[in-house]
Amino acid sequence: MNEQVVLNLKNFHAHLPAKCGVVRAVNGISLQIARGRVLGLVGESGCGKSITCLSLLGLTRENGWVLTGEAQMQGKNLLALNAEAIRRCRGKEIAIIMQNPMAAFNPLATIGQHFTETIRSHLPLPEKASRDLAIKCLGYVGLPQPEKLMGQYSFQLSGGMLQRVMIAIALAMEPKVLIADEPTTSLDVTVQRQILGQLIHLKEKSRTGMLLVSHDLGVIAQMADDVAVMYCGYIVELAAAERLFNNPLHPYTRALLASKPQMRKKSLQTIGGQAPSLLNLARGCPFFARCSEKNRHCSHYSPELIQYDHRHLVGCAKYAVEQRTLQHGFA
Ligand SMILES: Nc1ncnc2c1ncn2[C@@H]1O[C@H](COP(=O)(O)OP(=O)(O)OP(=O)(O)O)[C@@H](O)[C@H]1O
Ligand SMILES: [Mg+2]
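These numbers come from a predicted model, not from an experiment.

Criteria and thresholds
- Residues numbered from 1 in each chain as written.
- Chains lettered and ligands numbered in written order.
- Predicted model: local features only at pLDDT ≥ 70, side-chain atom pairs only at ≥ 80, totals over all residues.
- Heavy atoms only, no water.
- Pairing = 2+ DSSP bridges.
- Helix = DSSP H or I, 4+ residues; strand = E, 2+ residues; numbered from the N terminus.
- Axes fitted to C-alpha atoms, helices over the stretch in contact; angles between N-to-C directions.
- Contact = heavy atoms within 4.5 Å.
- Donors = N, O, S within 2.8 Å, 3.2 Å for Na, K, Ca; no water.
- Buried < 20%, exposed > 50% of the residue type's maximum accessible area, 1.4 Å probe, protein only.
- Near = heavy atom within 4 Å.
- Areas by Shrake-Rupley, 256 points an atom, 1.4 Å probe, with all protein chains shown as cover.
- Nonpolar A, V, L, I, M, F, W, Y, C, P; charged D, E, K, R; others polar.
- 1 Å grid on protein atoms, 1.4 Å probe; cavity = no way out; pocket = protein on both sides within 12 Å on 5 of 7 lines; lining within 4 Å.
- Points joined across faces, edges and corners; volume = space filled by probe spheres on them.

A. Seen up close, the sheet that holds strand β11 (residues 306–309). Reading across from one edge, β6-β7-β8-β3-β9-β10-β12-β11 is the order of the eight strands in this open sheet, with mixed pairing throughout. A strand with exactly one partner marks an edge of an open sheet, and here the two such strands are β6 (94–97) and β11. In this sheet, adjacent strand axes meet at a mean angle of 20° when their direction is disregarded. Pairing analysis gives five bridges linking strand β7 (residues 177–181) to strand β8 (residues 209–213), with the strands arranged parallel. Bridge pairing links Ala180 to Leu212 in β8. The strands touched by helix α7 (residues 189–206) are β3 (38–42), β6, β7 and β8; relative to β8, the strand with the most contacts, the crossing angle is about 155°.

Take a look at the structure:
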């Protein structure tokens, strides 16, 4: 394994047994996050991005999600750690900026208490120094009057402000891995630019490896070194960012990129049809019903990633057939 890889997610499944069946939110994905690099994760709403993010920090278990596979980080499988051990990893080793930040804060603790307790449970800093560090980092993310903010409660702040507090905590902790789940969605563009600048700073200064989830393909293009495309709990394509944007292979990736709003585009393209329900998801390619390029192999094709080219993986029957044909010399 590449020694730069700091988090190695292998064959990860997240399923939730429910009364009427099993919600198959994540179905055997493998991803690697390397030091000082950003892996972008994109895909339609409901495809399993947040469940993947939250599971890496042990935040889905209490809700009954059954997790299988491995998430190897520094010799530990994060998925197999007990609650206390994963709690110790959170913050310094692996941190998260949540899509729904309100859930991350105790409404009975002030921002200052939350921030300094997080710092002091991982760094050997006295009270005053941890408070100073917190105020400095709140200033970095552009929050006005950081000293005053330290005495406020989470319910007094907007979602965008709380996201910035989470980013400030990440800046203070300099984690090895940062999971950023839609970190800039509720922010206006000027603040968004500032936050992205801070994330780049964190990646460069601390060599933090990042998993960056965003619906904003512009943000992904700007930030990510590599991009993974997720659909119905499967990774359907994975490549270096430039390559993926210039030469998308999977019909879903192409449709997703085509639906990106652009200044001079006359009409906005959408992906026809709807993603199938993840409840009792059938076998075969999950994009089958919506795919304009399907062939007779697709309905029973299990969406395994194949190596199309150097560092460009795709999970589509079309390319598997092409490769088999080439291998057998029929091309
Ligand atoms: N508590 C839950 N109970 C049942 N199903 C759930 C629960 N939480 C999530 N799901 C389902 O799991 C799937 C994956 O959800 P997830 O939040 O990971 O999507 P997402 O890709 O992050 O979407 P978005 O882009 O909207 O944030 C969805 O189909 C969702 O309906
Ligand atoms: Mg989400």
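Here the narrative resumes.
B. Structural detail: the coordination of the magnesium ion (ligand 2). Protein coordination at the magnesium ion (ligand 2) comes from Ser50 (OG) and Gln99 (OE1), with a distance range of 2.0 to 2.1 Å. In this pair, Ser50 is assigned in helix α1 (residues 49–56) and Gln99 in the loop between β6 and α3 (111–122), connecting sequence segments 49 residues apart. When its relative accessible area of 43% is taken as the criterion, Gln99 is described as partly exposed.

C. Molecular detail of the site of ligand 1. Lining the immediate environment of ligand 1, one finds 13 residues, of which Ser45, Gly46, Lys49, Ser50 and His215 sit closest. In isolation ligand 1 has 640 Å² of accessible area, and contact with the protein removes 64% of it. Sort the elements by how many residues they give to the shell around ligand 1 and α1 lands first, with three residues. Broken down by class, the residue content of the shell around ligand 1 amounts to six nonpolar, six polar and one charged.

D. Main features of the layout of surface pockets. For the largest pocket, the calculated volume is near 700 Å³. If you go around the largest pocket, you meet 26 residues; those closest to its centre are Arg90, Ile96, Met98, Ala104 and His114. Listed by contribution, the elements that provide at least two residues to the lining of the largest pocket are α1, β6, α3 and α6 (159–173). The leading source of residues in the lining of the largest pocket is α3, at five residues.

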